[in-house]
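# Structural description and commentary
So you can see what is in the structure, the chains are spelled out below.
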Amino acid sequence: MREYQDRKNAQKKHYYKDSFYVAEQTRKFDAQESEFSEDLKALNSENLEILDSYVELGQFVVYVKSSENLKALRIFKSLGYEVLSEISAVDFISQKGGFEVFYQLLSISNKKRARVKCFVKKAEMLKSVVEIYKSANWSEREMYDMFGIFIQNHPNLKRLIMPDDWHSHPLLKSYPLHGDEHARWYEVDKIFGREYREIIGPENRDSAKIDSKDTFNFGRIYHEVERGAKPRDEKILQEYQEDGGVAFVKRAKRGSSKILEKRP
């Protein structure tokens, strides 16, 4: 006899029933019959080889060759897309042998968005677009750091987030995962050796952590001291208003202030 199972209790069911579930594709529209038709004509008039184009989720999507990414973005810049908000990639090395790189563009004046895509083979060099959009400087460095995509003619192509001696690139699907424990001791082991773990302690990887005793980088409100001086426990209510007041706040002294219990 089988063990009883309450099959009607939906809360106990696993949310994802199919481990090979593929999300439904969003609908794509013809760009020639949309508000981006003039942009498409301009791209064709400049003899840019367009591999594919459509409108998806209200934005213009254009596929070009990787060798023409610079030319494509220069045309888009002339069409009024003055902001390059994001550059990133998707790892398709196991399926296609490379990366799909995309450039997210925004036209504030025309209230339109566009996405330029290209496929870059593994170990292939991709031209830098810093000369067109300055925001590409850090984005291209981040893409190199996270995916290992080499950017040709970048002014300062080196790691942006990970240490210089970090192994591989963390956003690759083939990246070996060692967990937080490995990352916590990585720099201590590399620089000083494992025998210094107890002396140095683990690396703090919480960027929001604040040491209240650190007066070099942090000043407790009402307990402020000079930079680098010893912290003090006594509370000091400082008066920041100069005698005589300023243009908009006149003699806002602490003793004469009043806290309103409700709006007048």
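First things first, this report covers the structure right here in the doc. On a predicted model such as this, the values are computed, not experimentally measured, just so you know.

### Some thoughts on the overall build of the protein chain
Looking only at helices and strands, the protein chain has 6 helices and 8 strands in total. Traced from its N-terminal end to its C-terminal end, the protein chain shows the element sequence β-α-β-β-α-β-α-β-β-β-α-β-α-α. Contacts in the protein chain between residues far apart in sequence, at least 24 positions, make up 42% of those at least 6 positions apart. Looking at the protein chain as shown, the accessible area adds up to about 19800 Å², and 50% of this sits on carbon and sulfur atoms.

### A short note on the nonpolar core
One finds F60, F76, V101, Y103, L105 and M143 to be the most contacted residues of the largest nonpolar core, which totals 43 residues. At the level of secondary structure, the elements contributing two or more residues to this core comprise α1 (37-45), β3 (59-64), α2 (69-78), β4 (83-92), β5 (98-107), β6 (112-121), α4 (136-147) and α5 (179-191). No other element matches the 5 residues that α2 contributes to this core. Each residue touching V101, except ones within four places of it in the same chain, is listed here: I87, S88, A89, V116, K117, C118, V120, L126, M143 and I149.

### Some thoughts on a nonpolar patch on the surface
Residues I191, F192, Y196, I199 and I200 make up a contiguous nonpolar surface patch of about 530 Å² in total accessible area. Following the sequence through the fold, I199 ends up in helix α6 (residues 197-200). Classification of I199 by relative accessible area gives exposed; the value is 66%.

### Digging into unusual backbone geometry
Apart from glycine, the bulk of residues carry a negative phi angle, and the bulk of peptide bonds sit in the trans form. Its identity is not glycine, yet K111 carries a phi of approximately 55°, on the positive side. In this structure K111 comes out as exposed when scored by relative accessible area, which is 76%.

### Looking at the side chain of N69
Position of N69 relative to the elements: it lies in helix α2. What makes N69 buried here is its relative accessible area of 0%. Setting aside residues up to four positions removed in sequence, N69 forms contacts with Y103, C118, L126, K127 and V129.

### Quick notes on the packing of aromatic side chains
How two aromatic rings sit relative to each other is set out by the distance from centre to centre and by the angle between their planes. Applying the stated rule across the entire model yields 7 aromatic pairs. When the ring of Y144 is compared with that of F150, the centres are 5.7 Å apart and the planes differ by 50°; the resulting orientation is tilted. When its relative accessible area of 38% is taken as the criterion, F150 is described as partly exposed. Taking 4.3 Å as the distance between ring centres and 55° as the angle between the ring planes, the aromatic pair formed by W166 and Y186 counts as tilted. Placement of W166 in the loop between β8 (151-152) and α5 and of Y186 in helix α5 is noted, with a sequence separation of 20 residues between them. With relative accessibility at 11%, the residue W166 sits in the buried group.

About the cut-offs
Residues numbered from 1 in each chain as written. Predicted model: local features only at pLDDT ≥ 70, side-chain atom pairs only at ≥ 80, totals over all residues. Heavy atoms only, no water. Helix = DSSP H or I, 4+ residues; strand = E, 2+ residues; numbered from the N terminus. Contact = heavy atoms within 4.5 Å. Areas by Shrake-Rupley, 256 points an atom, 1.4 Å probe, with all protein chains shown as cover. Core = buried A, V, L, I, M, F, W, Y, C linked by side-chain atoms within 4.5 Å. Buried < 20%, exposed > 50% of the residue type's maximum accessible area, 1.4 Å probe, protein only. Patch = residues over 30% accessible without salt bridge, like charges linked within 9 Å, V, L, I, M, F, W, Y side chains within 5 Å. Salt bridge = Lys/Arg side-chain N within 4 Å of Asp/Glu carboxyl O. Phe/Tyr/Trp six-rings, centres within 6.5 Å; stacked < 30°, edge-to-face > 60°.

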